[in-house]
Structure formats: C-alpha cells, structure tokens
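# Architecture and fold: a report
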Amino acid sequence: MTEPLVQAWGLGVTLGGSRVLDGVSLAAEPARTLAVVGPNGAGKTTLLRAFAGLVPPSDGELRLRATGGTGYCPQNPSCAWDFTMGELLMLSPRPEAAREWCVRLGAGGLMERRIFVLSGGERRMAHLALALSNAEEPYGSLLLLDEPTADLDAGRRQAVIDALATLRSAGTSVVIATHDFELAHSADTAAVLAEGRLIAIGPPDSSLTPEVVRKTWGVQPSGA
Amino acid sequence: MIRGPAALALGFALVALTTFIAVSAGSTGMGWGEGGSLALLRAPRAAAAACAGLALGVGGALQQGVFRNPLADPGLTGVFGGALLGAALLLGFAPEAAWSEAWRLPAAGFVGATLASAALATFGGGGGSARLLLAGLGVNAFTAAATLIVASVRPGARETIANGAYGDWLGTATPETVWLPALACVAASLAALRLAGGLDRLSLGDDVAVTLGCDPRGLRIRSALLTSVAAGAATCLVGQVAFLGLIAPHLARALAGPSHRMLIPLSGLMGAALLTAADTVGRSAFTSGTLPAAAVMAALGAPAFVWIARKSHD
C-alpha cells in the first residue's frame with residue numbers, strides 16, 4: 001500500500017466563524033483520482049484549499065506529504081493583468097511543461113492571444129495547463145482542481161479528462177471537486193460532502209449511489 | 001507594444017533627453033551659461049527630479065502589483081502623504097535635527113510612509129478597487145489634515161511644509177541635500193527589481209501564487225517597505241506628487257506589457273522622464289512665474305486617472 005500524499009483525520013475547518021468542514025477523514029494517494037462531490041456550499045473548495053495548505057485545520061489532523069509539487073487551479077481562476085497566454089504560462093516553475101500541456105489541451109494556437117479577450121473556457125485551459133505543469137514530477141505530485149470541466153465544450157472537456165488520466169498513470173495524485181457526475185464516476189474514489197461532513201466515500205459505484213444522490217441533492221440521478 | 005530591451009532603451013533615452021533639456025532650459029531660454037555655470041546650477045534639481053520620479057514610478061508599479069489593482073497609486077492612497085507627514089513632523093517639531101544630518105528627513109519620511117502603508121493594508125487590503133480606494137482616500141485625507149495641523153501649529157515651518165504639500169521642494173535642491181535621498185531612490189528601485197517574479201505570480205491570486213512557490217505575505221511586506229523607502233526619499237526631494245505613481249506604470253504597461261520584470265524598471269524610467277519634464281515645463285514654460293512639478297503632474301494625471309478608472313471598470 002503506497003503512502004497517501006494527503007491524509008486527513010477528523011478534519012475541521014472554521015472560516016469567519018462558520019463551520020465549513022467537520023470531522024472529514026480521507027486520503028489522496030499517488031496514482032489515484034479522488035473526486036469530491038456535493039451540493040453548493042458543501043465544503044468542496046475548502047477541502048481542496050486545505051489539501052493545498054492554504055487554510056489551516058481548526059481541529060483534527062491533516063498531513064501533507066506531496067514531494068513533487070502541488071498544482072492547484074481554483075474554481076474561478078483569474079489574473080489581474082492582461083498577459084498573453086504564453087506569458088501566463090511563463091509563471092509556472094516549469095514553463096516549458098506548461099506550454100506543452102497547453103498544446104495537449106488543444107489551446108496551443110492561443111499563445112499570442114491576450115487573456116482578457118479569451119473566452120471563459122479558453123482562459124480555464126491556460127490556468128489548467130499552469131496547474132498541470134506544477135504537478136508533473138513522475139511521482140509524489142498532488143494536483144488539486146476545482147471544477148476543472150466547468151465552461152468547457154465537449155472536446156476540451158475530453159482533453160482535460162485525458163490529461164488527468166495521463167498524470168494519474170504517471171503517479172500523480174489527482175483530486176477534483178466537481179458537479180460533473182460523469183467525471184466523478186471516472187475517478188477511483190468518490191467522496192460525497194454535505195454541509196461540511198463526509199456522507200459517503202468509496203469507489204464511485206458504491207459511494208455515489210442513486211440513494212445517496214437522492215438524499216444529498218434531493219433529485220433523481222440522471223439515467224437512474 | 002514593443003519588446004522589452006527596446007522599451008528599456010526607449011525609457012533610458014527619454015530620461016537622458018528630459019534631463020538634458022532640464023539642465024539646458026531656463027526661464028530666459030535655452031543654454032548652459034558661461035562655462036556651463038547655469039547647467040551646473042540646474043544639475044542638482046534635474047538629478048533630484050529624475051531620482052524622485054524613478055522612485056515614485058517604481059513605487060506605483062509595486063503598489064499596483066501588490067494590490068493587483070491598476071488604480072493603486074501611493075500618491076492617491078496616502079503612502080506619499082504619510083511620507084510628507086513624517087517629514088513635516090520632523091520639520092515642525094525638531095527643525096534643527098531635521099537639517100543637521102542628511103539621513104534624518106528621509107528617515108522621517110520612511111517612517112511616515114510605512115505607517116500609512118500599514119494603515120492602508122489593514123483597512124484596504126483583501127477587497128476590490130472600491131475598498132482599496134476608499135481606505136486610501138481616508139489615509140490620504142488623514143495625512144493631509146495632520147500635515148496641515150503641523151504646519152498651523154508650527155508657524156516657523158509653515159512655509160517649508162506648505163511647499164512640500166505643493167510638491168515644490170525641487171527648487172531648494174543642492175548637492176548636499178540631494179545626494180542621500182537620490183541614492184536611496186535608486187537603491188530602492190534596484191531592490192524592487194527582485195520582487196518582479198513574485199509580483200507576476202501574485203497576479204494569479206494568493207492561493208495559486210502560494211502553490212507556485214510565492215510567499216504573498218512576505219512579498220507584500222517587502223514591497224511596502226521598499227515603497228516606503230522610495231516614498232520617504234522621493235518626498236524629501238520633491239514634496240508630495242500625486243498621479244505619477246499611477247501614470248508611469250500605465251505608460252510602461254502600454255509599452256512593454258504587464259510582466260513586472262519589464263514593468264518595474266520601465267515604470268521607474270517613465271516616472272523619471274515625466275517628473276523631470278514636468279519640472280522643466282513648470283519652471284520655464286510660463287513667463288509670469290513658475291508652477292510646481294506636482295501641479296503639472298496633477299494637470300496631466302487627473303484626466304488620466306478618470307480615463308483609467310473608466311477603462312478598468314468597463
């Protein structure tokens with residue numbers, strides 16, 4: 001059994017007086033994909049930020065062991081200045097890798113374009129390439145993506161899924177927060193959060209069951 | 001937009017040209033005087049304007065980078081005002097001490113600017129443009145009021161302080177008063193170059209910047225301290241100048257793009273050229289009298305501010 005890159009035991013996070021995460025225990029392992037799903041406000045983003053070391057636990061224990069870099073792409077990635085896409089990718093500690101990822105994600109033709117004039121989906125590709133390039137060590141890297149497929153058309157969405165599969169098989173631990181059930185079902189493990197608590201965890205077929213979906217979201221799962 | 005080295009070359013050429021005109025132009029026409037005597041007389045003033053402009057331009061680039069906001073200008077957010085207040089307090093309450101050692105006035109300006117930066121970070125950080133500008137408005141109003149009070153209760157220093165508030169201290173430049181603040185302006189500007197990579201990454205937001213190896217808190221503190229050194233030193237040379245810290249980075253960004261590796265040095269060069277030109281225009285273009293460099297800058301800067309504010313909130 002490989003050692004997890006992130007492990008949380010009873011993790012609790014309080015932000016601005018609100019309890020955002022409460023008693024969450026889970027782990028992110030190398031060469032595995034963990035999908036974190038849950039309704040709006042369930043604490044998915046806070047969990048990812050805690051995994052990135054950006055918010056300290058209020059209680060419980062959180063052990064971060066990523067040795068090969070941490071790539072993080074927030075839900076609404078932004079940039080204050082109007083860089084070209086090529087200039088934006090230069091902000092990566094591995095700019096060449098960032099450019100390569102951008103090409104593989106199908107956005108290689110946009111290098112000279114200014115990011116303020118790109119569409120939301122095109123801009124997301126640049127930020128994803130930046131995050132991917134920072135989690136590219138063959139082993140021990142952690143990739144944290146918040147809603148990676150939001151704003152993307154079907155072709156780009158597939159390119160992102162393929163890229164994640166490539167990194168996963170190279171040994172990266174991929175953690176995605178998503179509302180995209182299809183994406184969640186493609187992960188090795190799905191963790192369902194609701195109101196800051198872990199409702200279910202395990203292989204998607206056993207954790208993301210129609211009953212859990214009905215209870216958590218109050219809707220019938222599509223196709224069920 | 002032009003490539004980096006060409007933009008820098010253009011910046012240096014503009015500084016050289018404006019400085020040459022500054023030592024050549026007088027109220028009675030162009031010329032260096034007999035044996036260059038007039039040029040030698042004007043040289044400390046031109047050097048003071050160029051160095052102060054350099055520091056004010058760099059200070060603007062740093063503050064815009066730290067706040068990720070194109071409207072941040074230490075002249076509008078009270079940091080330069082804090083520097084003037086620090087200098088005014090020393091001039092008002094310990095005038096002998098102020099002039100006895102060359103470092104004391106810049107040091108007082110540095111302390112004032114640092115306190116204003118701390119107030120701005122406390123009340124204006126972590127929000128959008130509105131919060132930053134409102135906090136800056138408050139800090140600026142406070143420093144202006146306090147400077148006015150110092151000038152009022154210490155009549156002996158009133159004229160000196162008032163001239164500083166008008167940005168009219170360049171006229172008093174002598175080699176003895178200029179060398180140390182000028183050196184501090186250049187040193188702070190050179191040190192600021194080291195912050196370029198961090199400021200570029202900070203443009204992606206604190207969270208992403210951290211994962212890319214940047215320390216936002218440390219970067220903000222170093223940036224605020226360097227801006228304060230620049231503000232303290234530049235204020236001793238010229239007094240208070242608004243809008244230069246706004247316009248210089250905007251010109252630089254328009255010339256060479258937003259990367260801080262080019263933006264910081266180019267903002268400094270643009271600031272140096274602008275303030276030197278503004279001072280030369282102010283003292284030689286009007287036959288009926290002289291205008292402070294700060295007044296010329298404000299006449300250019302106020303419309304530019306409105307234009308940038310409209311553009312960045314479209």
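Structure: above.
Residues numbered from 1 in each chain as written. Chains lettered and ligands numbered in written order. Predicted model: local features only at pLDDT ≥ 70, side-chain atom pairs only at ≥ 80, totals over all residues.

## With respect to the sheet that holds strand S4 (residues 59-64) of chain A
The pairing of strands in a sheet happens through backbone hydrogen bonds and is either parallel or antiparallel. Residue and element names in this part refer to chain A. Let me state the cut-off plainly: Following DSSP output, two strands are said to pair if at least two bridges run between them. Secondary structure follows DSSP: runs of H or I at least 4 residues long count as helices, runs of E at least 2 residues long count as strands, and numbering of each begins at the N terminus. In this analysis an axis means a line fitted to C-alpha atoms, helices contributing only their contacting stretch, and an angle means the value between N-to-C directions, from 0 to 180 degrees.
Strand order across the open sheet formed by 3 strands is S2-S1-S4, with antiparallel pairing between neighbours. Single-partner strands in this sheet number two, and they are strand S2 (18-28) and S4. The mean angle between the axes of side-by-side strands here comes to 30°, regardless of whether they run parallel or antiparallel. Pairing between strand S1 (residues 6-15) and S4: 5 bridges, direction antiparallel. Pairing of Gly-12 across the sheet is with Asp-59, part of S4.

## Notes on the interface of chain B and chain A
Heads up, the condition is: Placing a C-beta atom from the backbone of each residue, one calls two residues in contact when those atoms lie within 7 Å.
The partner chain A presents 18 residues to the 15 residues of chain B that form the contact. Going through the elements one at a time, helix H9 (196-202) and helix H10 (206-211) of chain B are the ones with two or more residues in the side of chain B that touches chain A. Of all the elements, H10 of chain B adds the most residues to the side of chain B that touches chain A, at 4 residues.

## Description of the packing of helix H2 (residues 37-67) of chain B against helix H13 (residues 260-284) of chain B
All names here are of chain B. Put simply, the rule reads: For classification purposes, an angle smaller than 35 degrees is called roughly parallel, one larger than 145 roughly antiparallel, one from 65 to 115 roughly perpendicular, and anything else oblique. When the near helix sits turned anticlockwise from the far one by under a right angle, the crossing is termed left-handed; a clockwise turn instead gives a right-handed crossing. For this scheme, ten residues count as nonpolar: Ala, Val, Leu, Ile, Met, Phe, Trp, Tyr, Cys and Pro. Four count as charged, namely Asp, Glu, Lys and Arg, and the remainder, Gly too, count as polar.
At a minimum axis separation of 6 Å, H2 and H13 run at an interaxial angle of 140°. Accordingly, the angle class assigned to the pair H2 and H13 is oblique. For H2 against H13, the interelement crossing comes out right-handed. The residues of H13 that touch H2, namely those facing Ala-46, Ala-49, Ala-50, Ala-52, Gly-53, Leu-54, Leu-56, Gly-57, Val-58, Gly-60, Ala-61 and Gly-65, are His-260, Leu-263, Ile-264, Ser-267, Gly-268, Met-270, Gly-271, Ala-272, Leu-274, Leu-275, Thr-276 and Asp-279. Tallied by class, the residues present in the contact of H2 with H13 amount to 14 nonpolar, 9 polar and 1 charged.

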